[in-house]
Amino acid sequence: MTRNSMRLMMAAGAASVVLVGLGVAQTAAPIARYEMRAGTTSGLMGGMAGMKGGGMGAAMSMAFGGGNRNAPQHELWLDLGSSRTPAGGPPKADHFMPAGAKLGLSVPLKTPVKVPSGPEEPAEKRDFKRPKGRILIFWGCGEHAPAGQPVVIDFAKIAAGQMPPGLWSSNVPMERRVSYASSKTYGAWPNDESKVAIRTDSSLIGAHKVAGNYSPDMNFTLTKDFMGALRTSTFAQPSGATLLRWNPLPDATGYHASLIGGKMDKGSEMTDMVWWSSSLTREFGGGLSDWLSPATVAKLVASKTVLAPATTTCMVPAEVKAAAPQFQMVTLYAYGPEESFVYPPRPANPKTPWKPEWTADIRHRSMTGFLLGMPGMDEAASSNGRNQGQQSQQEQQCQSKPKKRGLGGLGGLIGGALGGAVNSAGGNGDGC
């Protein structure tokens, strides 16, 4: 990967805005809440996850499986939050795993030490460089971007303080309830106390126990394992559009694809950044890049923000590639199942007083990343010749379907704040 490509990837990461939701109200707040996020990464994402190293690289290697950099990897993140203070010393908690997890008897859930931050450097002393160029926003699957796209944002105007209201969508919040800020005592894994890492052959199925000196003991049995890996192929169309195809995952509840690309001048300065989403409702941020519950995904599928679980294709409009001729990085998410536990269980009679001691939620997802126009990095053996018949069949299928007008602009990323009239989002919502 070139230096310019890496620069664009870092810029893409900086463009993401995280909106943390504090969850839904319960009859009575539990003493402790536990969250597990289990994922499978493949393609370029799997390769990056497999990289080892010191500092942040060492910490990340605990959460991601090791082995072949280009093989699918597993990732696992654990968060424990409690309304109690530790009893009998400093905070301590452990997650005792089934043997199939191959993480030893247990992993420690470390409580971070809050370090006071120093005084902020005065603005006039900072090395600030006004960003140049523009960001072009596209959305929806379809051969061509419809009228009203792209929405164009000038970086210079944003840097000058002309930030349009409603720039970032909050319609898909991140469904996180456990954090350092929302807990009296908090513990997490991976951390620098643990010497083990999740592996590519690890399994979560079996009995789990979470125990510590600031939370009740939690016991639950998982029946869902890591999701399968996403594998992709792409086919250039005569129109300039690109057909994206992926393998169906049996336990997927929905899919979402996004693209970050760019165009640079002769001096390797980025002049335009391109951002595309498969959403028909012009949604880009928030929880779309996180772990979403099946109930939330079902609502997003109904609103055409997320592609239905039966979908295995999406057409990236020709205008997207034309606007980003030098680099197009695609990320594809498959949202998966969830297992939830509460103790004691909710009484059958709603009038019976109920105060849960603890809750535990385990969510799954699979994701992959690749450069548009290239097969997934773990799909090098896949050739256009082998898939030519499938391509032709898919083209005929897409061409034979009537076009439907979308609901462009609802809950938009940039929205009507820029005054752009968006009449439709294009496509049928089924990838064509």
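As a reminder, the structure under discussion sits directly above these lines.
Residues numbered from 1 in each chain as written. Predicted model: local features only at pLDDT ≥ 70, side-chain atom pairs only at ≥ 80, totals over all residues. Heavy atoms only, no water.

**Overview of the state of the cysteines**
Put simply, the test is: The definition used for a disulfide is geometric: two cysteine sulfur atoms within 2.5 Å. A run of DSSP states H or I qualifies as a helix once it reaches four residues; a run of E qualifies as a strand once it reaches two. Both are numbered from the N-terminal end. Only protein chains enter the area calculation, which uses a 1.4 Å probe; residues under 20% of their type maximum are buried, those over 50% are exposed, and those in between are partly exposed.
Applying the stated criterion across every chain, the model contains one disulfide. Note that Cys141 is cross-linked by a disulfide to Cys314, the S-S spacing being 2.0 Å. With the S-S dihedral at roughly -105 degrees, the linkage between Cys141 and Cys314 falls on the left-handed side. Placement of Cys141 in the loop between strand E5 (134–139) and strand E6 (151–154) and of Cys314 in strand E14 (residues 313–316) is noted, with a sequence separation of 173 residues between them. There is no split in this pair, since Cys141 and Cys314 are both buried.

**Description of the pairing of strand E1 (residues 32–42)**
Rule in force here: Strand pairing is assigned whenever DSSP identifies at least 2 bridges connecting the two strands.
The buried fraction of E1 amounts to 10 of the 11 residues, a majority that puts the element mostly inside the structure. Here E1 runs beside strand E2 (residues 73–82); their pairing, made up of 10 bridges, is antiparallel. Paired with Thr41 across the two strands is Gln73, which belongs to E2.

**What to know about the sheet that holds strand E8 (residues 206–212)**
Here is the rule: Helix axes use the C-alpha atoms of the stretch in contact, all axes being lines fitted to C-alpha atoms, and the angles between their N-to-C directions lie in the range 0 to 180 degrees.
Read from one edge to the other, the open sheet built from four strands follows the order E4-E3-E8-E9, with strand pairing classed as antiparallel. Pairing within the sheet leaves two strands with one partner each, and these edge strands are strand E4 (106–108) and strand E9 (218–222). Put simply, the sheet's adjacent strands are angled 20 degrees from each other on average, direction ignored. Where strand E3 (residues 93–96) meets E8, four bridges bridge the pair, whose relative direction is antiparallel. Directly across from Phe96, in E8, lies its bridge partner Lys209.

**What to know about the nonpolar core**
Taken as a class, soluble globular proteins show a tendency for nonpolar side chains to be buried jointly. Here is the rule: Each nonpolar core is a collection of buried residues, namely Ala, Val, Leu, Ile, Met, Phe, Trp, Tyr and Cys, held together in the definition by side-chain atoms within 4.5 Å. Two residues qualify as a contact provided that any one of their heavy atoms is within 4.5 Å of a heavy atom in the partner residue.
Core analysis: the biggest nonpolar cluster contains 26 residues, and Phe138, Trp246, Tyr255, Leu259, Val274 and Trp276 have the highest contact counts within it. At the level of secondary structure, the elements contributing two or more residues to this core comprise E5, strand E11 (242–246), strand E12 (254–264), strand E13 (270–277), E14, helix H6 (318–323) and strand E15 (327–343). Apart from residues lying up to four places away in sequence, Phe138 is in contact with Ala145, Gln149, Pro150, Val274, Trp275, Trp276, Ser277, Phe284, Glu319, Val320 and Ala323. The next biggest cluster of nonpolar side chains, apart from the first, holds 25 residues, and it includes Ala32, Leu78, Met218 and Trp358.

**Some points on the environment of Trp139**
For Trp139, the position within the fold is in strand E5. By relative accessible area, Trp139 is classed as buried at 0%. Separated by 138 residues in sequence, Trp139 and Ser277 have C-alpha atoms that sit 4.6 Å apart.

**Notes on empty space enclosed by the protein**
Just so we agree on the cut-off: Only protein atoms enter the 1 Å grid used here. Points where a 1.4 Å probe fits but cannot escape make up a cavity, open sets with protein on both sides within 12 Å along at least five of seven lines make up a pocket, and a residue lines them when an atom lies within 4 Å of a point. Grid points are joined across faces, edges and corners, and a volume is the space filled by probe spheres set on the points.
Under the criterion given, the structure shown has two cavities of 30 Å³ or more. Taken as a whole, the largest cavity spans an internal volume of roughly 70 Å³. Contributing to the lining of the largest cavity are Glu35, Met36, Arg37, Glu175, Arg176, Arg177, Asp290, Trp291, Asp361 and Arg363. For the lining of the largest cavity, the elements supplying multiple residues, two or more each, are E1 and strand E16 (358–371). In terms of residues, the lining of the largest cavity owes the most to one element, E1, which gives three residues.

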